[in-house]
Each structure stands twice: as C-alpha cells, then as structure tokens.
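The residues making up each chain are set out below.
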Amino acid sequence: MKRFLIGIFILQLLWGFSVVKADDKISPKDKGVIKGVVFDKGKKHPIEYATVAVYRAKDNSVVTGTVTDQNGAFKIAGLDEGDYYVVVSFLGYDPKQFDAISLKKGNRLFDVGDVVLRSASESLDEVEVVAERQSIDYRIDKKVVSVGKQMTAASLSAIEVLENVPSVRVDIEGNVSLRGSSGFTVLIDGKPSILEPSDALRQIPASTIENIEIITNPSVKYRPDGNAGIINVITKKNRLQGVQGLINANVGSYDRYGGDFLLNWQKEKVNFYIGADYNKRGFPSEMHRDRSTFRNDTISRLMSDGEYERRFNMAGIRAGLDLDLTDKDALSFGFRYGDRTMASESELDFKEWTEPGVGESEYKSFEESERGGDYYSLTGTYKHQFEEKGHELSAQLDFSKRNSDEWSLTELLDDNDRVTDGKRSTENGPSLRSEFRLDYTRPVGHGDKLETGFQGRLSNSEDENKLFTLNLNSGEYELEPEYSNNTEYTRNIYSVYGLYAGKRGNLGYQAGLRGEYTYREITTLKDDQTFTIDRWDLFPTIHLSYDLPGEHQLMTSYSRRIHRSRGYHLEPFVTWRDAYNVRQGNPDLSPEYIDSYELGYLKDFDKVQVSLETYYRVTHNKVERVKSVYQEGGAGDQNIILTTYENIGTDYSLGAEAMVSFRPFKWWNVDLTGNLYNYKVEGTLYDEPFSNTTLNWSTRVNNTIKVHKTMQFQLNGSYDSPTATAQGRTEGYYMVNAAVRADFMDRKMSAVLQVRDLFQTGSWESTSEGPDFREYGKFNRKSPFVTLTLSYRLNNFKPKRSFRSNGNGDMGEEDF
C-alpha cells in the first residue's frame, strides 16, 4: 500500500508538468481580457479579495473567475471570443452584475472601469460564490495559505497547517524551519508575538486561522529580524451586520480534545468580536540514544531506550473593537490573553560501560519537565485617509507581557527503584515589551507612491536560574549556589525607513532603505558582569516585476536581514538541563547578517497555475549549537555533554521551489509542490576548518476530491530529505495524512474526520559528533492520530476570505 501511494504521487507529479506543457501551446493572441477596479461606496477605498466571476451569456455557465488585488484591481485573461457577463461580489456587500460584454477580434479588451459595491444590510445567503479558493495562492511578494482548505490539519495548530506549505519544514517534534532556517519572525494579524516563533504557532488553533502568509523577502516596511523571513498568521474575522458566530469542538486519540468559538457583532460603524480557545494535545513516542565520549585511550558509552511523551495545554481569549469615527478616520483596539503549559516526561533504561573495561552498569531514569506561564497583549491602531486616493497616515501602539515558569527533574534509579541521584533545575522571570510605529503613505505622480515610517521596540526581561541536587541522606533537594544565577536583559531598537514604488509600462519596481539603532545590555547580578551592544545597521531591499506577453510574470528581489540571538544563547554561565546535559551561552555572539536573493515566475494557464522561484541566501556570522564533553566534572562525569553557541562561519543556500495546481477532473483538485536546494556550511570549529554540504529536497502532494456537493475527501503526502549541520546531519522522513469533510444543515454545521501519519513513518533521527564525542538519537512517534472536529456557524458566519479562481470553473524568549 505504501509503494502504491508513493507511485501515485510520482505519477501525479509527472502528469502535472505534462499538463503545463500542453496548455502552454495555447496562443495568447486568440484570447480576450476583462479588467476593472473594485471600490467600497462608503469609504471609497479599494476592496481586496473581492470575487469576480465570468459567465457565458448564452447558457449562464461559469467560465472562470479571480479575486481583486490589494489595489482592488482585477484582470481576467485567456477568454475566447463571445458574449459574457460578470458578477462582482464580496461578503458584506451587495453584488453587482455587468451585462453585454462582447469580445471579438477587433475588441479583445473590455474595461468595466470602477466597480462600486454598496454595504449589505443582511447576510448574503442567496449569493453563490463560484470561484474556487486555491489552497496556496502565490503573489508577487508572498504565499497565502488558505487554512480552510487544509482538512488534514483542521483540529490542530498552525504548525500542522505549515506541514503542507512550500518553503516550510516541520520536524517530528513540531519545530518549524523556513527554507532550512529556524530564524524567522512570527506575526499575528501583522503584529509581533511575544512568544518564541514555534511556540507562537503552536498556540494558535487551526480552526481560528483564515490565512497564513509566507513572506521570504519582506520590504523595509517590515522589521528585518529573522534570517528566513516572516510567517504572518491572519485570524478569522467577520464584518457582516448583526450577530454571527463560529463554534468548533474536537476530540481524538492519545487524550486529545479541545474547542474554540468566535462571536462577532457589527452595527453600522461599530464592530466588536470576542473569541476563546482551549486545546490539549499529547505526542507519545519511543526514544533511543547512543552516546560515546573519548578521553585519552578510553571510550565511555551511554545508551538509553524507553518511552517519551510531550504534552501541550493551550488556552486563550481574544477580543477587539473597531470604530469608524468618520469616513476618513478609523480606530481599533485589540486584546489577547493566553496561558500555556508544555510538558515532557520520559522513563528510560540506561546502560553504561567503558572500552576497554569490564562489565556494565544498568539503571533507570525518570525525567520530567514543564514550561508554562501566562501572557497578554494590548494593541491600539489609528488610521486616517486623506482626500487623495492612497494618501494615508497610521499609528500603532502595542504592549505585551509574558510570565515564564520552567522546571525540569531528573532522577536515576537502581534495580530496586531506589533513587541514587537527582537534579532539579528552575528558570523563572517576566518579560515586558512595548512597540510603537508611525507609517505614512503618499501617492506620487501617476501610480507611484512614497512610504516612510518610524518604529520603536523596547524590551526588558529578567531570568532567575536555580539548580537543586538531591541529598540522599535527608531526601531533600538542596540549592547549589554555584549554578544559580540572576540575569537582567534590556534591548531597545529604533528604526526609520523609506520606500518608493511604482510602475513604468510592464516594469514594476519597489526600493527601500531601513536604518536601525540597537542598544542592548545584559547584566549577570551574581558576578556583576555587563555585556553591551551599541550599533547602527542599514537594511536595503529592492523588488522588481515584469509582465511578459501572454500573462507571464517575472519577479526578482533582494533584501538584507538580521537574526539576533535569543536570550539564553547569551547567558555566560552553566545551566543544568538534566543529569547528562548542561548549557552555557556566549555573550560575545555576533548577530547573523543575511543577504537574500530571489527570482520568481508566475503563470495562470486555462487549467493550471504554475509558480517557480529560485533563491540564493548567504548567512554571515552563522550561529550554530556546538556540543562537546563537559570538562568541569572530572573523569567520573565523562558522559556529560556541554551545549554552547558559536559564530562558526558562513552558510549558503541555493535552490528552487515549484508549484503546479491543476484539476484532472471537475471533482478532483491536485496541488504539487517541490523544493530543491544545495546547502553548504563552512567555517572554523574546534579551532579547525570544516565544510559540510548536502543536496536537500522536499515534496508535497495534496489531493482534494469532491465526493458530493456536501462532502470532500483529502489525501496528502510529504517527504523531507536529510540535511547537514555543522556537527552532523538530520535524516529525512515521509508522512501520509487523510481526511473527509461533510456539511449538514444547509452548511451551518460541518464534520471533519482526519487521520494523520497513516503508516507510522513520522520520526526524527540525527547524528552529531566532535573530536571528543559522537551522539545518535532517534524518536519514533506513536501513530496514527485520529481526530473528529465539529463546526457550527451561527447566523451564517462568513469570515473575510481570499478567493481565487483556478481558471477551470524558549518560550517567549526575546531575541537580543
């Protein structure tokens, strides 16, 4: 069965490219074009994502469709000669129809001009939206992932949604990397999260997400943090008049359950929403580790096997108020509060021996750890639109706080289950952050614009680390002052940027420059050491696009970015993680600077959408986690590994991403994506030069089949190849997921049954080595996971969506 499905996925990949080749033979000279611009009647601003559907006049059949861009513009090409009519619609507005559109040899272009939509006073049950949403929508500067199309991740989090997204890799432990890098920025509705990126994504239920935007080469308007780019999570909202709501509940195997709701009230110029969520998820697995350390002529071996489980409890509440003060002025307030607990537990059997040596010792280990704490954020936004279209001023103020409570316990037991050794470590402390920004946009000439702005980010945090060891005589855990420390962090960043954008003929351009001043201070109170950074940085960006004949488009861009190390990467003292692992930061770390280049191609054929991107990224001052044998404990502690962080050199990524989306039949939609890149990391490690290179690749295949107008089936598969690190490599793995969705009660209720990791192939396997050690580890996750999700829409809740036709009908760690 496994080989059969893999064979089907390969055949689909070949079929997709053959369809592209066939469609490419269609001559664009024989085709017509319909275009226009959609506006809101009351506010007179462009409407993005409005649905535009084209019908054949003689039989009222649907021909094709699209959605408007950020300027409200749309352009539908590839139409045969004939008579048509167009329907423009958007949720919360009355639809508008344009009749008598005739395309002939002498008149292949029809411009409907400005389309003005009026806000509706009731929900649009009678309007049928005929354009299909793509699961992934490629745009000039980003990819937009439609979460509603990802049925196999319906009951889970944003992390599981990203498993099927190009550019993104999610390992078996839920760690996310963007184009091979874990250094990226997470935004929620365009606003920064105080949580660490993977933790922020894990906190957000998939059922509360509308879209996820992947921005790999952001402009200077965005902060330059993160060497791989930005993941922006857009949550569901609703702007229809009256009261609407959405309720979700889920239950699954391995003690998984949860739910969420969103209620929205809109009346004329006032909109209010409130939502809450709770989810509990368990990830049981089997674990094996094999460690060898070398000292003189002696090899010390440590091998462990057993059960390991990670558990996540997430809860949150959000609310917001939007006020249209005048036709030109709008004010918004937002609030979020959440609490999270991420725990792990393991029971392992250990074997320990030396070579040469006689005999071996066997014992058990019980390990338990937990990270948790609550957090909240407050946001206020003001926006003013001047008389001239596109001329606007906006201001935003954010304040957030998180509390962190982390502890771990490791106890070693003999054959009689008596504790022979024990260590308990804790880490606690709050973090405060405030951010303010002022952005100004002014049109220049005919279609050009100038954007400029100022931003400030102020961060403060405290961390208290303690280590306790077990006194075998008293049975009490006693404080070890030598390994207990207090640290204070302060980081302030002030930024100013300028951006100019426009279009000349078929050439679109955008160029900008951002300047940032950073002041950072780290103080360790125990020994009264202070480490300071006081510097200026410049970050240029440039984006170009060119429209070729036949609706082909080329895009290219360059950006310079920065990746600042997290707080615990910089702590200059030793922290015990468990009985066999210690960590020490490096306050002398330099930030990583990244040069990123991209070249993209985009084309919508009659039945196929194709996107191809090539990219080249160079990371200077590359920071790597470096392991070695811990020397402070003496010969008896030879199996203890020290992990620290160093600037080891430079890494290079050169690759290409491709996506083909097509429909073999009306009832079957296929998305094929692939990523192939060469990764090289080189520099100096252990005072010796080194160089590691791997050819990495990944692929995703997603099949969506319409069984009935109220039922769909989805099957997707993915593979991620092995990849190199400075000290070893991580092995590849593949996974297959399936789901079925059914709608009831006139689509007010839906049920999704999903099965993840059908063939129990999800695993994590890695090897690392240095001059004095070698370590191998493997996790096999227990699966498959089965989950049932029920959703109910109150008063026809319909969130704002992006419709696009396919043409054929350390928790909360601040980065310092």
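To be clear, the structure that these remarks concern was listed above.
Quick look at the structure, then. Note that the structure is a prediction, hence the values are computed from the model and not measured.

## What to know about the pattern of salt bridges
In this structure the tally under the stated criterion is 30 salt bridges. Two residues, Arg 457 and Glu 516, come together in a salt bridge whose shortest N-O distance is 3.2 Å. On the criterion of sequence distance, the pair formed by Arg 457 in strand S24 (residues 448–470) and Glu 516 in strand S27 (residues 507–524) is long-range, its members being 59 residues apart. For the pair formed by Arg 457 and Glu 516, the shared burial category is buried. Among the ionic pairs, Asp 720 bridges to Arg 700, the shortest N-O distance being 3.4 Å. On the criterion of sequence distance, the pair formed by Asp 720 in strand S37 (residues 711–720) and Arg 700 in strand S36 (residues 688–708) is long-range, its members being 20 residues apart.

## Points about unusual backbone geometry
Cis rather than trans, the peptide bond between Glu 355 and Pro 356 has omega equal to 0°. Mapped onto the elements of the fold, Pro 356 is located in the loop between strand S20 (329–355) and strand S21 (361–385). In this chain, Ser 783 is followed by Pro 784 through a cis amide linkage whose omega measures 5°. Looking at the element boundaries, Pro 784 is found in the loop between strand S43 (773–781) and strand S44 (785–794). In this model, Asp 687 sits at a positive phi of 65°, which is unusual for a non-glycine residue. Within the secondary structure, Asp 687 sits in the loop between strand S35 (668–685) and S36. The exposure class assigned to Asp 687 is exposed, which follows from its relative accessible area of 74%. Phi at Asp 757 is positive, roughly 55°, even though this residue is not glycine. Tracing the backbone through its elements, the reader meets Asp 757 in the loop between strand S41 (749–756) and strand S42 (763–770). Classification of Asp 757 by relative accessible area gives buried; the value is 0%.

## Some words on the sheet that holds strand S4 (residues 73–79)
Spatially, the 3 strands line up as an open sheet ordered S4-S1-S7, and their pairing is mixed. Each end of this open sheet is capped by a strand with a single partner; those strands are S4 and strand S7 (109–117). Direction aside, neighbouring strands of the sheet carry axes that sit 15° apart on average. Across 5 bridges, the pairing between strand S1 (residues 32–40) and S4 is antiparallel. Bridge pairing in S4 links Val 37 to Ala 73.

Rules of the game
Residues numbered from 1 in each chain as written. Predicted model: local features only at pLDDT ≥ 70, side-chain atom pairs only at ≥ 80, totals over all residues. Heavy atoms only, no water. Salt bridge = Lys/Arg side-chain N within 4 Å of Asp/Glu carboxyl O. Helix = DSSP H or I, 4+ residues; strand = E, 2+ residues; numbered from the N terminus. Buried < 20%, exposed > 50% of the residue type's maximum accessible area, 1.4 Å probe, protein only. Pairing = 2+ DSSP bridges. Axes fitted to C-alpha atoms, helices over the stretch in contact; angles between N-to-C directions.

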